[in-house]
Amino acid sequence: MAIVNNLQNLLYKFAPIAVSYLFVLLFLYAATSKLLEYETFTVQLAQSPLLSAYATIISWLVPGIEISIAFLLIFSPCRILALYASFILMVMFTAYIFIILNFSDFIPCSCGGVLEKLTWNQHLIFNIGFIFLAVLAILFSKWWNTKKKLLLLATLALLGIGIVALLFAFSEKKMHRNNAFIRRYPHHPIVNMDTLDLKYNSYYFAGNTKEYIYLGNYTAPLNVMRVSINLMDTVSFRIGLAKTGIQYKYPRVRIIDSTFLLLDGTVPIIHRGSIKDFSITKTYHPREYFTFAEPISDTDFVIRTVSGANRNNILGMIKLDSLVKVSLYPEVLEGSLDGYFDRDGQLLFNEELKKIVYVYYYTNDYLVASPNFSNLQRSKTIDTVTRPKLDLKE
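Everything in this summary refers to the structure shown in the same document.

1. Focus: the overall build of the protein chain
When its secondary structure is counted, the protein chain shows six helices and 16 strands. Relative to its 394 residues, the protein chain shows a buried fraction of 41%. Relative to all contacts within the protein chain whose residues are 6 or more apart in sequence, the contacts with residues 24 or more apart total 45%. Surface summary for the protein chain: the accessible area is close to 23500 Å², and the carbon and sulfur share equals 61%.

2. What to know about the environment of Ala82
Considering the arrangement of structural elements, one finds Ala82 in helix 4 (residues 79-103). Here the alpha-carbon distance between Ala82 and Leu72, two residues ten residues apart in the chain, equals 5.8 Å. Residues in contact with Ala82, not counting those within four places in the same chain, are Ile69, Leu72 and Leu73.

3. Digging into the sheet that holds strand 15 (residues 365-369)
Within the open sheet, the four strands sit side by side as 13-14-15-16. Their pairing is antiparallel. Of all strands in the sheet, those with a lone pairing partner are strand 13 (345-350) and strand 16 (377-380), marking the two edges. For this sheet, the mean inter-axis angle between neighbouring strands, taken without regard to orientation, is 20 degrees. Here four bridges tie strand 15 to strand 16, and the two strands are oriented antiparallel to one another. The residue bridging Tyr366 from the neighbouring strand is Ser379, located in strand 16.

4. Re the pattern of salt bridges
Under the criterion given, the structure shown has seven salt bridges. Of the charged contacts in the structure, one is a salt bridge between Asp300 and Lys319, with a shortest N-O distance of 3.3 Å. One end of the pair, Asp300, is in strand 10 (residues 300-306); the other, Lys319, is in strand 11 (residues 313-319), and 19 residues separate them in sequence.

5. Considerations on the sheet that holds strand 3 (residues 223-228)
Reading across from one edge, 1-2-3-4 is the order of the four strands in this open sheet, with antiparallel pairing throughout. Taken across any chain shown, the strands that pair with only one partner, and hence form the sheet edges, are strand 1 (203-208) and strand 4 (234-238). Each strand of the sheet is rotated relative to its neighbour by a mean of 30 degrees, with strand direction disregarded. The sheet contact formed by strand 3 and strand 4 spans five bridges and is antiparallel. Pairing of Asn223 across the sheet is with Arg238, part of strand 4.

6. With respect to the side chain of Arg79
Of note, Arg79 is situated in helix 4. Discounting chain neighbours no more than four positions away, the residues touching Arg79 are Pro16, Ile17, Ser20, Tyr21, Leu72, Leu73 and Ile74.

7. Quick word on the pairing of strand 15
In this sheet, strand 15 lies alongside strand 14 (residues 355-360) in antiparallel orientation, the contact comprising four bridges. When the sheet's bridge partners are listed, Tyr358 is paired in strand 15 with Leu367. Taking the residues that link successive antiparallel strands as the turn, the strand 14-strand 15 hairpin has four residues.

8. Observations concerning helix 4
With 25 residues, helix 4 extends 35 Å from end C-alpha to end C-alpha; this agrees with the ideal 36 Å at 1.5 Å per step. The buried count for helix 4 comes to 18 of 25 residues, which makes it a mostly enclosed element.

9. Quick notes on the nonpolar core
Nonpolar side chains in soluble globular proteins tend to end up buried together. Residues Phe23, Phe27, Leu73, Leu83, Phe87 and Met90 are the most contacted members of the largest nonpolar core, which totals 35 residues. At the level of elements, helix 1 (2-36), helix 3 (55-74), helix 4, helix 5 (120-139) and helix 6 (146-178) are the ones that each hand at least two residues to this core. Apart from residues lying up to four places away in sequence, Phe27 is in contact with Glu66, Ile69, Ala70, Leu73, Ser86, Leu89 and Met90. By size, the runner-up hydrophobic cluster in this structure holds 15 residues, among which are Leu315, Leu333, Tyr358 and Phe373.

10. Notes on the packing of helix 4 against helix 5
Viewed as axis vectors pointing N to C, helix 4 and helix 5 meet at an angle of 155 degrees, and their least axial separation amounts to 9 Å. With respect to their mutual orientation, helix 4 and helix 5 come out roughly antiparallel. Crossing of helix 4 over helix 5 shows left-handed handedness. Residues Leu83, Tyr84, Phe87, Met90, Val91, Phe93, Thr94, Tyr96, Ile97, Phe98, Ile100 and Leu101 of helix 4 form the contact with helix 5, whose own contacting residues are Trp120, Asn121, His123, Leu124, Asn127, Ile128, Phe130, Ile131, Ala134, Val135, Ala137 and Ile138.

11. A word on the packing of aromatic side chains
Considering all chains together, one arrives at twelve aromatic pairs under this definition. Consider the rings of Tyr38 and Trp60, whose centres lie 4.7 Å apart with planes at 35 degrees: the pair is tilted. Of the two residues, Tyr38 sits in helix 2 (residues 38-47) while Trp60 sits in helix 3, which places them 22 residues apart along the sequence. On the basis of relative accessibility, which here comes to 53%, the residue Trp60 falls in the exposed class. Put simply, the rings of Phe23, Phe27, Phe126 and Phe130 pair up and form one aromatic cluster. Against the face of Tyr212 rests Arg226, its NZ or CZ located 4.1 Å from the ring centre. Lying across the ring of Tyr250, Arg252 places its NZ or CZ 3.9 Å from the centre.

12. Considerations on a nonpolar patch on the surface
Together, Tyr21, Leu28, Phe71, Ile74 and Phe75 make up a nonpolar patch on the protein surface, roughly 460 Å² of accessible area in all. Elements represented by at least two residues in the nonpolar patch include exactly helix 1 and helix 3. Positionally, Tyr21 belongs in helix 1.

Calculation criteria
Residues numbered from 1 in each chain as written. Predicted model: local features only at pLDDT ≥ 70, side-chain atom pairs only at ≥ 80, totals over all residues. Heavy atoms only, no water. Helix = DSSP H or I, 4+ residues; strand = E, 2+ residues; numbered from the N terminus. Buried < 20%, exposed > 50% of the residue type's maximum accessible area, 1.4 Å probe, protein only. Contact = heavy atoms within 4.5 Å. Areas by Shrake-Rupley, 256 points an atom, 1.4 Å probe, with all protein chains shown as cover. Pairing = 2+ DSSP bridges. Axes fitted to C-alpha atoms, helices over the stretch in contact; angles between N-to-C directions. Salt bridge = Lys/Arg side-chain N within 4 Å of Asp/Glu carboxyl O. Expected span 1.5 Å × (residues − 1). Core = buried A, V, L, I, M, F, W, Y, C linked by side-chain atoms within 4.5 Å. Parallel < 35°, antiparallel > 145°, perpendicular 65-115°, else oblique. Left-handed = near helix turned anticlockwise from the far one by under 90°. Phe/Tyr/Trp six-rings, centres within 6.5 Å; stacked < 30°, edge-to-face > 60°. Lys NZ or Arg CZ within 6 Å of the ring centre and 35° of its normal. Patch = residues over 30% accessible without salt bridge, like charges linked within 9 Å, V, L, I, M, F, W, Y side chains within 5 Å.

Here is the structure:
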């Protein structure tokens, strides 16, 4: 009997202390992880279906509360109060995970640090374990009788669950009512149906037909891979380029219908042939160098080149005829810095719309035009960068 009494006294004396220090370690670690990765933590909260509308406030409030409770747990006079606070906080965390798993449209990212390795279900069990420890520590404390303690714990549990449920309800209402501009990224919105391991990262998209996709290769410019639409069949071809003294530097392949084009604006030169045997049947020598070229048809190209007068990036057209015709449109691209970097961007052609598209790299501008740059339309993306932010050094 004496042994039982001694054991009971030890539990009453040391259980609250031991559990308190476990919570101190947990809260300090969790708070530190959140603050060290504050931006990531805020983004994760913004993706949460429960807390999107209050992400900024909660990103500071939660670490602050965790640190405050951890310090209160260290001091003996405040320990029991801090254990109750730990209990309700863990109940809120657990209710949050339960709602995410059972009532959310999608499941956002987990917490950072070591806890990130846990699945949401494992995290739920982890939190329930700490709730159980908090209850034990409170029951072994000498404050009040067991009945009052259980009543208070039940009340706090209901309060914590109620707060999280209200956050969920009001957050979703606020998001839909205000149409808040917060991007949510559900995990795995695209599911791979079929994949093909290319083994190398040097392939690029050269074009397609109804039956096949064609891939060029940066490191082997004369090699072309034909891939069936279902990704089940691949065939490799090599372009029959005769040996000459031409120094190719940036050859690229493009496929238009049944025609392949091998272009290098550093020469400049354009080869043309059939995809049946990938042999070259015609070669053109435009008088204008170009950095990029996108075929509009097997005879017409939109190009980007550099002005010989002022070194500005400009757009133009090449038409393959009995005589190669080159037209330049220096007024299309606009810039306010150096004429080169501020006009740098991606040149595209939309086959379905028959539109030229040019997207600037360093500003929020893009333009859309018909071939020959008629019906030119200038627009802006949702970005806010109106002037290039470049630090140019020699």
